[in-house]
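What follows is the residue order along each chain.
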Amino acid sequence: MTGGVREPYVRPGAPHVLREYAVLADGHRGALVGPRGEISWLCAPRWDSGSVFSALIGGRGAYAVTPCVPYVWGGAYEPGTMIWHSRWVTHEGIVESRDALAYPGEANRLVLLRRIEAIDCRARMDVTLQPRPDYDSAGVRRWVCHDGVWTATAGGLRIRWTGAAHAEPSGPGTLRLHVDLERGSHHDLVLEISAADLPDHPPAPDLVWDATISAWQHAVPHLDGVRAVRETRQSFAVLRGLTGPGGTVAAATTSLPERAGDDRNYDYRYVWVRDQCFVGQAAAACRASDLLDDSVRVVSELLLEHGEN
């Protein structure tokens, strides 16, 4: 069950060190998830677009799912995928948020899945959504709710949020929701952000989760002949998630400004040809033809376009 707002909006807390963030990726863009369940960095609709959530560099844009009670934080990926489980141990028990970008991703539309799970206790969670596109420079002027589905536009992007029928506005461009779940139950939140018109109907969470899990199982080989298979499969999943039409990005923060307040700076952070060759060689060693083909295509296109330069 869900209830209304209980308190005014609070700006997301200070950024953490990068090693404490998990990465979600679908080939076309990536997101960083922090210990408080906050999406602190997400560029949309593509890797090289402006950020929609920028709390990582002190911006107001964030999307947080956080327990209402004190907790100790941890988490893990589902093996061979980029599906992340934030796990909070509270004095009441264990609560999780299962997070993923729907995979495989679409070029101009992302679907961000969040499933709050009350593992062995009642789950009481506060949820905050505040999109701030174009590096925190554009906000939502007005949210509209129809049949429990929230929609808005900001910075040229179309936004739709489902699973939050009881959310309420709380400050400029911000929605707040309180989720209260019984032990053993779960609640789905689905956020869509698109540079074009959204589909007529929101996606069904169960169907998108099933499709995402199946796609990751198909995309990541078993690597039975490789030592340390568990770690290698996870590394392969990261490379697969970071590889899109333009190549394998050097980092999920590819569009991060070099300094806060400076102009945009993409310098070397998008794709390195050298690293793309290493990715292709590793894929060949694992007999992963899809990832090898992507690497060969990207490097070949660059050579044909630029030649010896």
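How each quantity is defined
Residues numbered from 1 in each chain as written. Predicted model: local features only at pLDDT ≥ 70, side-chain atom pairs only at ≥ 80, totals over all residues. Heavy atoms only, no water. Helix = DSSP H or I, 4+ residues; strand = E, 2+ residues; numbered from the N terminus. Expected span 1.5 Å × (residues − 1). Buried < 20%, exposed > 50% of the residue type's maximum accessible area, 1.4 Å probe, protein only. Arc of directions from axis to C-beta. Salt bridge = Lys/Arg side-chain N within 4 Å of Asp/Glu carboxyl O. Pairing = 2+ DSSP bridges. Axes fitted to C-alpha atoms, helices over the stretch in contact; angles between N-to-C directions. Contact = heavy atoms within 4.5 Å. Polar contact = N/O pair within 3.5 Å; in protein donor to acceptor, adjacent residues only side chain to side chain. Core = buried A, V, L, I, M, F, W, Y, C linked by side-chain atoms within 4.5 Å. Phe/Tyr/Trp six-rings, centres within 6.5 Å; stacked < 30°, edge-to-face > 60°. Disulfide = S-S within 2.5 Å.

Q: Looking at this model, I keep getting lost on helix 5 (residues 289-306). Mind explaining?
A: Since the α-helix turns once every 3.6 residues, residues separated by three or four places project in the same direction. With 18 residues, helix 5 extends 26 Å from end C-alpha to end C-alpha; this agrees with the ideal 26 Å at 1.5 Å per step. Looking at helix 5, one finds that the buried residues are L291, D294, S295, V298 and V299. Along the long axis of helix 5, the arc covered by the buried residues comes to 115°, so they all point the same way. Counted as exposed and oriented over 90 degrees from the buried face of helix 5: L303 and L304. Of the residues flanking the end of helix 5, it is G307, one or two places downstream, whose phi is positive at about 60°.

Q: I keep staring at the pattern of salt bridges and nothing clicks. Help me out?
A: Where side chains of opposite charge bring their charged atoms close, a pairing between them can arise. Enumeration according to the criterion identifies 20 salt bridges in this entry. Note that D136 and R60 form a salt bridge whose closest N and O atoms lie 3.6 Å from each other. With a gap of 76 residues between them, D136 in helix 1 (residues 133-136) and R60 in the loop between strand 5 (51-53) and strand 6 (62-67) connect regions that are remote in the sequence. Among the residues examined, R60 registers a relative accessible area of 33% and is labelled partly exposed. Here the salt bridges share partners, and the residues they tie into one network are E106, R109, R160 and E192.

Q: Can you walk me through the sheet that holds strand 17 (residues 186-194) in this structure?
A: Paired through their backbone hydrogen bonds, the strands of a sheet run either parallel or antiparallel. Read across the sheet, eight strands follow the order 7-8-9-10-17-14-13-12 without closing on themselves; strand pairing throughout is antiparallel. Strands with a single pairing partner mark the edges of an open sheet, and in this sheet they are strand 7 (71-77) and strand 12 (144-146). Neighbour to neighbour, the strand axes of the sheet diverge by 20° on average, direction disregarded. Lying over the sheet, helix 2 (residues 205-219) contacts strand 9 (94-101), strand 10 (109-118) and strand 17, oriented at roughly 105° with respect to strand 10.

Q: How should helix 4 (residues 273-285) be read in this particular structure?
A: Taking 1.5 Å per residue as the helical rise, helix 4 with its 13 residues ought to reach 18 Å, and the 19 Å between its terminal C-alpha atoms agrees with that figure. All buried positions along helix 4 are accounted for by Q276, V279, G280 and A283. Buried residues along helix 4 cover an arc of 95° about the axis, so they all sit on one side. Residues of helix 4 that are exposed and point over 90 degrees away from its buried face: Q281 and A285.

Q: Looking at this structure, how should I read the environment of E168?
A: In this fold, E168 is placed in strand 15 (residues 168-169). For the pair formed by E168 and R240, sequence separation is 72 residues and the distance between their alpha carbons is 37 Å.

Q: Help me out: how do you make sense of the side chain of T128 in this one?
A: Tracing the chain through its elements places T128 in strand 11 (residues 123-130). Residue T128 is classed as buried on the basis of its relative accessible area of 10%. A distance of 3.0 Å separates polar atoms of two side chains, one belonging to T128 and the other to R176.

Q: Please clarify how the nonpolar core should be interpreted in this entry.
A: Soluble globular proteins tend to pack their nonpolar side chains together in the buried interior. Judged by nonpolar contacts, the single largest core of 41 residues is most densely connected at I39, Y63, V127, W161, L189, L191 and I193. Apart from residues lying up to four places away in sequence, L191 is in contact with F53, Y63, L110, V111, L112, L129, I159, R160 and W161. If you look at the next biggest cluster of nonpolar residues, it comprises 32 residues, including L56, L113, V208 and A252.

Q: Would you take a moment to explain the packing of aromatic side chains for this structure?
A: The relative placement of two aromatic rings is captured by the distance of their centres and the angle of their planes. Using the criterion set out here, one finds six aromatic pairs in the structure. Ring centres of W41 and Y135 lie 6.3 Å apart, and the angle between their planes is 45°; this geometry places the pair in the tilted category. One end of the pair, W41, is in strand 4 (residues 38-43); the other, Y135, is in helix 1, with 94 residues separating them in the sequence. With relative accessibility at 0%, the residue W41 sits in the buried group. Geometrically, the ring pair formed by Y63 and W161 is edge-to-face, given 5.9 Å between the ring centres and 90° between the ring planes. Residue Y63 is located in strand 6, and its partner W161 is located in strand 14 (residues 157-162); the two are separated by 98 residues in the primary sequence. In textbook terms, an aromatic cluster arises when at least three aromatic residues are bridged by ring pairs, as seen for F53, Y63 and W161.

Q: Explain unusual backbone geometry here, please?
A: The bulk of non-glycine residues show a negative phi, and the bulk of peptide bonds are trans. Each neighbour pair has its own omega, and for A44 with P45 the value is 10°, a cis peptide bond. Omega for the bond connecting Y103 with P104 falls within 30 degrees of zero, at -5°, which places this linkage in the cis form. Relative to the helices and strands, P104 is located in the loop between strand 9 and strand 10. If you check the backbone angles, Y135 has positive phi at about 55° while not being a glycine.

Q: I tried to follow the state of the cysteines on my own but got confused; where do I start?
A: Two cysteines joined by a covalent bond between their sulfur atoms form a disulfide. In the structure shown here, the tally under the stated rule is zero disulfides. Looking at the unpaired C68, the closest cysteine sulfur is the one in C121, lying at 12 Å. With a relative accessible area of 5%, C121 lands in the buried category.

Q: So what exactly am I meant to see when it comes to the pairing of strand 11 here?
A: A regular strand places its side chains on the two faces of the sheet in alternate fashion. Burial of strand 11 is extensive: seven of the eight residues sit out of reach of the surface. Alignment of strand 11 against strand 16 (residues 175-181), held across seven bridges, turns out to be antiparallel. Bridge pairing in strand 16 places L129 opposite L175.

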